[in-house]
Amino acid sequence: MRIIGLIGGMSFESSAVYYRLINEMVRDRLGGLASAEVLMYSVNFEEIVSLQKAGRWDAAATRLGDVAHRLQAAGAECVLICTNTMHLIAPEVAARISVPLINIIDETAAALKAAGRVKPLLLATRYTMEHGFYADRMARNGVSIMVPSAEDRTSVHDIIFNELCAGIVRDESRKTLVEIIERAKAAGADSVILGCTEICLILDPNGLALPGFDSTTIHAQTAVDFALGAEKTRASQAA
């Protein structure tokens, strides 16, 4: 079994989901009391959020690149950044290591295309929805994303940072997200990406008005495939 390296803590709520999913998947595949060999470096999210707000993506890239390097030095044979937003700096992080960086955008795009979906609604942080990095990488994979209206983007961002990252799950917020998805379906979306690793805490991808693709589960599954030698990863250096 290969060792999985996780850059976590952004937020720790979703990092806990990664750890649980990866181990459940390994146990399901191997049976008995099998579990994954995992190294996790959990950063201080407050530090990262401050850099995001200040637009200091260069400093964030240096910080996470250092973490990736330390994970590899500790024995990790692949690395995952356990958040969609910080894939804005995935190329810089990948450049610091010689093991594969499994890119959540590429893996989610592959899952969409395998299901015949090419026009998904993206629910994510403001950074992920509004910076070009996500849409551009999806387009390179043959997927054209839709994003909510400006008002709805604010609602989604606030639900993520003010509630989900703090472990708060509100029915009222779930209703807001469901309504946003329904509007996107009416506008022509053929699916929905749970494009923040915390959104799986509030939405069931199998119970929505559109077919749902949970990026957290997809990312974790790819890591397990890699660890068990069945990988078909597309993002070894996230160029």
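For the structure itself, consult the block above.
Residues numbered from 1 in each chain as written. Predicted model: local features only at pLDDT ≥ 70, side-chain atom pairs only at ≥ 80, totals over all residues. Heavy atoms only, no water.

Chemist: Help me understand the overall build of the chain, please; the structure alone is not making it clear to me.
Modeler: Helix and strand counts for the chain come out as 10 helices and 6 strands. Computed over the C-alpha atoms, the radius of gyration of the chain is 17 Å, within 12% of the 18 Å expected from 2.2 N^0.38 for a compact globule of 239 residues. Seen through its principal axes, the chain has C-alpha atoms that stretch 45 × 40 × 35 Å. For the chain, the proportion of its 239 residues judged to be buried stands at 52%. Long-range contacts, defined here as pairs at least 24 residues apart, represent 76% of the contacts in the chain between residues at least 6 apart. Carbon and sulfur atoms provide 49% of the accessible area of the chain, an area that totals close to 10000 Å². Between the mean site of the 23 positive side-chain charges and the mean site of the 28 negative ones, the chain shows a separation of 3 Å. (Helix = DSSP H or I, 4+ residues; strand = E, 2+ residues; numbered from the N terminus. Rg over C-alpha atoms; globule rule 2.2 N^0.38 Å. Buried < 20%, exposed > 50% of the residue type's maximum accessible area, 1.4 Å probe, protein only. Contact = heavy atoms within 4.5 Å. Areas by Shrake-Rupley, 256 points an atom, 1.4 Å probe, with all protein chains shown as cover. Lys, Arg positive; Asp, Glu negative; His and termini not counted. Charge placed at Lys NZ, Arg CZ, Asp CG, Glu CD.)

Chemist: Got a minute to help me understand the packing of helix 5 (residues 104-114) against helix 7 (residues 132-140) in this structure?
Modeler: Each pair of packed helices can be described by the angle between their axes along with the distance between the axes. It is the contact of helix 5 with helix 7, at a shortest axis distance of 9 Å, that shows an interaxial angle of 45°. With respect to helix 7, the element helix 5 is oriented oblique. In this structure, helix 5 meets helix 7 at a crossing whose hand is right-handed. Residues Ile105, Asp106, Thr108, Ala109 and Leu112 of helix 5 form the contact with helix 7, whose own contacting residues are Phe133, Tyr134, Arg137 and Met138. Tallied by class, residues from the contact of helix 5 with helix 7 come to 6 nonpolar, 1 polar and 2 charged. (Axes fitted to C-alpha atoms, helices over the stretch in contact; angles between N-to-C directions. Parallel < 35°, antiparallel > 145°, perpendicular 65-115°, else oblique. Left-handed = near helix turned anticlockwise from the far one by under 90°. Nonpolar A, V, L, I, M, F, W, Y, C, P; charged D, E, K, R; others polar.)

Chemist: Help me out: how do you make sense of the sheet that holds strand 5 (residues 191-194) in this one?
Modeler: Hydrogen bonds between backbone groups are what pair the strands of a sheet, and the pairing can be parallel or antiparallel. Sheet architecture is open: 3 strands sit in the order 4-5-6, paired in parallel fashion. Here the strands that pair on one side only, and so sit at the sheet edges, are strand 4 (120-123) and strand 6 (212-214). Pairwise comparison of adjacent strand axes, ignoring direction, gives a mean angle of 20° for this sheet. Pairing of strand 5 with strand 6, which is carried by 3 bridges, proceeds in the parallel orientation. Note that in strand 6 the partner of Leu194 across the bridge is Asp214. Packing of helix 5 onto the sheet brings it into contact with strand 4, strand 5 and strand 6, and relative to strand 5 it is tilted by some 155°. (Pairing = 2+ DSSP bridges.)

Chemist: Hey, could you run me through the pattern of salt bridges in this one?
Modeler: Any two side chains of opposite charge can pair, so long as their charged atoms come close to each other. Using the criterion set out here, one finds 11 salt bridges in the structure. Glu130 is the salt-bridge partner of Arg153, the closest N and O atoms lying 2.9 Å from each other. Here the residue Arg153 occupies a position in helix 8 (residues 150-163), and Glu130 occupies one in helix 6 (residues 126-130), the gap between them amounting to 23 residues. Overall, the relative accessible area of 40% leaves Glu130 in the partly exposed class. Each of Arg126, Glu130 and Arg153 takes part in salt bridges that share partners, so that together they form one network. (Salt bridge = Lys/Arg side-chain N within 4 Å of Asp/Glu carboxyl O.)

Chemist: What is the right way to look at the packing of helix 1 (residues 12-30) against helix 10 (residues 215-227) in this model?
Modeler: Remark: helix 1 packs on helix 10, axes separated minimally by 9 Å, with the N-to-C direction vectors making an angle of 50°. It follows from the interaxial angle that helix 1 and helix 10 lie oblique. Every pair of crossing elements has a handedness; the one defined by helix 1 and helix 10 is right-handed. On helix 10, the residues that touch Val17, Tyr18, Leu21, Ile22, Met25, Val26 and Arg29 of helix 1 are Thr216, Thr217, His219, Ala220, Gln221, Ala223, Val224 and Asp225. Its residues placed into classes, the contact of helix 1 with helix 10 shows 9 nonpolar, 4 polar and 2 charged.

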